[in-house]
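# Geometric and topological summary
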Amino acid sequence: MNFRSDNEAPVNASILQAMIEANQGFEESYGYDTYSERFTEQCQQLFETWCEVLPLSTGTAANSIAMALSCPPYGAILCHEDAHLNRDECGAPEFYTAGAKIISIPGKHGKMDANDLDQYLANTGVHGEHESLPCTISLTQCTEAGTVYSLDELLQFKKIKEKYGLALHMDGARFANALVALGCTPAEMTWQSGIDMLSFGATKNGAMMAESLIVFNTQYIKEIKRLRKRSGHLISKMRFISAQLLRYIQDELWLKLAAHANQQAQYFFQNTQQKITFIHPVEANEVFCRLPVELIASLSEQGFEFHVWPGFNDVIRLVFSHATEQSSTDKLVQAIMQHE
Ligand SMILES: Cc1ncc(COP(=O)(O)O)c(C=O)c1O
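In what follows, the accompanying structure is described. What you are looking at is a predicted structure, and each value in this text was computed from that prediction instead of being measured. (Residues numbered from 1 in each chain as written. Predicted model: local features only at pLDDT ≥ 70, side-chain atom pairs only at ≥ 80, totals over all residues. Heavy atoms only, no water.)

Going through the model one piece at a time under the given rule, you end up with 12 salt bridges. Residues Arg87 and Asp82 are paired through a salt bridge, measuring 2.7 Å at the closest nitrogen-oxygen approach. For Asp82, a relative accessible area of 28% translates into the label partly exposed. Taking the shortest distance from any N to any O, the salt bridge between Asp196 and Lys161 comes out at 3.0 Å. Taken together, the residues span a long stretch of sequence, with Asp196 in the loop between α9 (186–189) and β6 (197–201) and Lys161 in helix α7 (residues 151–164) at a distance of 35 residues. Residues Asp196 and Lys161 agree in their burial class; the two are buried. Taken together, the salt bridges that share partners define one network made up of Asp6, Arg174, Glu286 and Arg317. (Salt bridge = Lys/Arg side-chain N within 4 Å of Asp/Glu carboxyl O. Buried < 20%, exposed > 50% of the residue type's maximum accessible area, 1.4 Å probe, protein only. Helix = DSSP H or I, 4+ residues; strand = E, 2+ residues; numbered from the N terminus.)

A few words now on the nonpolar core. Counting residues in hydrophobic clusters, the biggest one holds 55 residues, and the most contacted among them are Leu117, Phe175, Phe200 and Ile214. No other element matches the 7 residues that helix α11 (residues 239–249) contributes to this core. Counting contributing residues per domain, this core is built from domain 1 (12–251) and domain 2 (253–337), each supplying no fewer than three. Listed in part, the 22 residues of the second largest apolar core include Ala265, Ile276, Leu291 and Leu332. (Core = buried A, V, L, I, M, F, W, Y, C linked by side-chain atoms within 4.5 Å. Domains from an automatic or database assignment.)

Close to the ligand lie 13 residues; Gly59, Thr60, His84, Asp171 and Lys204 are nearest. Contact distances for the ligand include 2.6 Å between a nitrogen atom and a side-chain N or O atom of Asp171. At a separation of 3.4 Å, an oxygen atom of the ligand approaches a polar side-chain atom of Arg174. Protein coverage of the free-state accessible area of the ligand, which is 400 Å², stands at 78%. Considering each element in turn, the shell around the ligand owes the most residues, 3 residues, to helix α3 (residues 59–70). The class makeup of the residues in the shell around the ligand is 1 nonpolar, 7 polar and 5 charged. (Near = heavy atom within 4 Å. Polar contact = N/O pair within 3.5 Å; in protein donor to acceptor, adjacent residues only side chain to side chain. Areas by Shrake-Rupley, 256 points an atom, 1.4 Å probe, with all protein chains shown as cover. Nonpolar A, V, L, I, M, F, W, Y, C, P; charged D, E, K, R; others polar.)

This part takes up the pairing of strand β2 (residues 75–80). Where burial is concerned, most of β2 is hidden: 6 out of the 6 residues are buried. Two strands pair when backbone bridges link them, and β2 and strand β4 (residues 133–140) are joined in this way by 5 bridges, in the parallel orientation. Each bridged residue has a counterpart across the sheet, and for Gly75 the counterpart in β4 is Leu133. Direction of pairing for β2 relative to strand β3 (residues 101–105): parallel, over a ladder of 5 bridges. By the bridge assignment for β3, His80 is matched with Ile105. (Pairing = 2+ DSSP bridges.)

Pasting the structure below:
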């Protein structure tokens, strides 16, 4: 029973079927196929605005191209210290920007605090050209701690971006889970909250190597296609990525899949909270909890798979996905609640 990662979940059957259906005859290559064109049109409807859309195969590429579009080599990217682009992308954002500096800001529950960021920015500039120029703020939604920025919190970052003339990026590797958690529209959670660029994830929520970068602000689209090519993500048979993304957003499939994942996490929380400690609020599909080490060992022996969080021997991360079965969640709840 796998609670290790939504990346380990299978591909949703109807998304796989969409790839099979796209496998008919010849289609133009390198993104000029009808599926990619339709995906752009559908995104413009979904987000209720014009946007430039780049289908890609990894979230790291989406984040890194977004950084390259908005931050020059002498610039700085501001993000939470645990942000994927700071901790888990092996320097790709620095590489793609040809050397921009990442400045990480600490904050509770995986979130940057807008006041801390404002204070940090207010104190920059004193060293003139000796310091990197703040250019881009990147927020992760859902955060790496499984929490979700509210619309009010996002609007505080919009004010900061406007105050300092910065770009605002959202790493939406789990965008659907956050959207379902907030119950708002894609437009409200993005450009209406000041987001200029969105890394729109689909892989964790049922797709296969299908992500995209969506840019709402024309200020950040210069040479976007060349940047994608240079990143190695101009996929020749892009129709198979775009066919998945089209199916993903059709008939609200993406929201149904994310709602299931979030519900499983919530169910787990509701049914175990009297017994164990949750170290972050449970708001979407990732759960971090503190358990006695003997219980962690016993769960592993019983076949439950999860990550013991690096640096702690008594904290585990459980990830619930579109494919998590209720019976597996029930067994996990039972194993925890019955432990003496
Ligand atoms: C928050 C977040 N951003 C981005 C990514 C991008 O991942 P990848 O490059 O593996 O597709 C991940 C994957 O784990 C993630 O959790």
